Amino acid sequence: CLPGLSRWQRLTGSGLCLLLAAFCFGLAALYAPLLLLRARKFALLWSLGSLCALGAAALLRGPTRL
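Quantities reported herein were computed from a predicted structural model and do not represent experimental measurements.

### Concerning the UniProt feature "transmembrane region" (unreviewed entry) in the protein
When the UniProt feature table is mapped to this numbering, "transmembrane region" (unreviewed entry) covers residues 16-36 and 42-60. Each end of residues 42-60 is marked by a C-alpha atom, and these two atoms are 27 Å apart; helix forms 100% of the span and strand 0%.

Laid out in C-alpha coordinates, this is it:
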(Lines give C-alpha, C1' and ligand atoms only; values in the text may rest on other atoms or scores of the structure.)
Protein backbone atom coordinates (compact mmCIF):
# COMPACT_ATOMS: atom_id res chain seq x y z
CA CYS A 1 0.00 0.00 0.00
CA LEU A 2 2.69 2.51 1.03
CA PRO A 3 6.00 0.73 0.46
CA GLY A 4 7.82 3.84 -0.76
CA LEU A 5 7.56 5.81 2.49
CA SER A 6 10.69 6.38 4.52
CA ARG A 7 10.84 5.94 8.27
CA TRP A 8 10.70 9.71 8.82
CA GLN A 9 7.61 10.03 6.61
CA ARG A 10 5.88 7.21 8.48
CA LEU A 11 6.65 8.79 11.85
CA THR A 12 5.44 12.20 10.69
CA GLY A 13 2.22 10.80 9.23
CA SER A 14 1.60 8.75 12.34
CA GLY A 15 2.19 11.75 14.58
CA LEU A 16 -0.24 13.87 12.57
CA CYS A 17 -2.86 11.13 12.74
CA LEU A 18 -2.37 10.84 16.50
CA LEU A 19 -2.75 14.60 16.94
CA LEU A 20 -5.95 14.57 14.91
CA ALA A 21 -7.22 11.60 16.93
CA ALA A 22 -6.50 13.39 20.20
CA PHE A 23 -8.28 16.49 18.89
CA CYS A 24 -11.35 14.46 17.93
CA PHE A 25 -11.38 12.60 21.26
CA GLY A 26 -11.07 15.93 23.09
CA LEU A 27 -14.00 17.42 21.23
CA ALA A 28 -16.02 14.26 21.86
CA ALA A 29 -15.24 14.57 25.57
CA LEU A 30 -16.63 18.09 25.52
CA TYR A 31 -19.90 16.76 24.10
CA ALA A 32 -20.12 13.92 26.66
CA PRO A 33 -22.22 15.94 29.16
CA LEU A 34 -24.62 16.81 26.33
CA LEU A 35 -24.84 13.22 25.14
CA LEU A 36 -28.64 13.14 25.12
CA LEU A 37 -28.85 16.31 23.04
CA ARG A 38 -25.87 15.85 20.71
CA ALA A 39 -25.50 12.08 20.45
CA ARG A 40 -24.92 12.14 16.69
CA LYS A 41 -22.05 14.64 16.91
CA PHE A 42 -20.45 12.73 19.80
CA ALA A 43 -20.62 9.45 17.88
CA LEU A 44 -19.16 11.05 14.75
CA LEU A 45 -16.24 12.63 16.64
CA TRP A 46 -15.53 9.44 18.59
CA SER A 47 -15.61 7.32 15.44
CA LEU A 48 -13.36 9.74 13.56
CA GLY A 49 -10.90 9.75 16.47
CA SER A 50 -10.84 5.95 16.50
CA LEU A 51 -10.30 5.84 12.75
CA CYS A 52 -7.39 8.29 12.99
CA ALA A 53 -5.81 6.29 15.83
CA LEU A 54 -6.07 3.09 13.78
CA GLY A 55 -4.58 4.92 10.80
CA ALA A 56 -1.64 6.05 12.93
CA ALA A 57 -0.98 2.49 14.06
CA ALA A 58 -1.25 1.24 10.47
CA LEU A 59 1.25 3.85 9.29
CA LEU A 60 3.73 2.82 11.97
CA ARG A 61 3.38 -0.86 11.26
CA GLY A 62 3.52 -0.57 7.50
CA PRO A 63 2.44 -3.09 4.90
CA THR A 64 2.88 -6.78 5.61
CA ARG A 65 5.00 -8.95 3.37
CA LEU A 66 3.46 -12.17 2.18
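### Some details on the environment of Gln-9
Checked against the element boundaries, Gln-9 lands in helix 1 (residues 7-31). By relative accessible area, which is 41% here, Gln-9 ends up partly exposed. Each C-alpha atom of the pair Gln-9 and Leu-60 lies 9.8 Å from the other, and the pair is 51 residues apart in sequence.

### Structural notes on a nonpolar patch on the surface
A contiguous nonpolar surface patch, about 370 Å² in accessible area, is contributed by Trp-8, Leu-11 and Leu-60. Mapped onto the elements, Trp-8 comes out in helix 1.

### Things to note about helix 1
The first and last C-alpha atoms of helix 1 sit 36 Å apart over 25 residues, in line with the 36 Å expected at 1.5 Å per residue. Looking at helix 1, one finds that the buried residues are Arg-10, Gly-13, Ser-14, Ala-21, Cys-24 and Ala-28. Those residues of helix 1 that are buried lie in contact with helix 2 (39-61).

### Focus on helix 2
The end-to-end C-alpha separation of helix 2 is 33 Å, in line with the 33 Å expected for 23 residues at 1.5 Å each. Those residues of helix 2 that fall on the buried side of the exposure criterion are Leu-45, Gly-49, Cys-52, Ala-56 and Leu-59. Residues of helix 2 that are buried make contact with helix 1. Two residues or fewer after helix 2 comes Gly-62, characterised by a positive phi angle close to 85°.

### Quick notes on the state of the cysteines
Scanning all chains against the criterion turns up zero disulfides. In this structure Cys-24 is a free cysteine whose sulfur lies 5.3 Å from that of Cys-52, the closest cysteine sulfur available. Exposure remark for Cys-24: the relative accessible area of 4% places this residue in the buried category.

### Section: the side chain of Ser-14
Within the fold, Ser-14 resides in helix 1. Here Ser-14 falls in the buried class, since its relative accessible area comes to 3%.

Quick notes on the rules
- Residues numbered from 1 in each chain as written.
- Predicted model: local features only at pLDDT ≥ 70, side-chain atom pairs only at ≥ 80, totals over all residues.
- Heavy atoms only, no water.
- UniProt positions renumbered as here; feature names shortened; annotations may be inferred.
- Helix = DSSP H or I, 4+ residues; strand = E, 2+ residues; numbered from the N terminus.
- Buried < 20%, exposed > 50% of the residue type's maximum accessible area, 1.4 Å probe, protein only.
- Patch = residues over 30% accessible without salt bridge, like charges linked within 9 Å, V, L, I, M, F, W, Y side chains within 5 Å.
- Areas by Shrake-Rupley, 256 points an atom, 1.4 Å probe, with all protein chains shown as cover.
- Salt bridge = Lys/Arg side-chain N within 4 Å of Asp/Glu carboxyl O.
- Expected span 1.5 Å × (residues − 1).
- Contact = heavy atoms within 4.5 Å.
- Disulfide = S-S within 2.5 Å.

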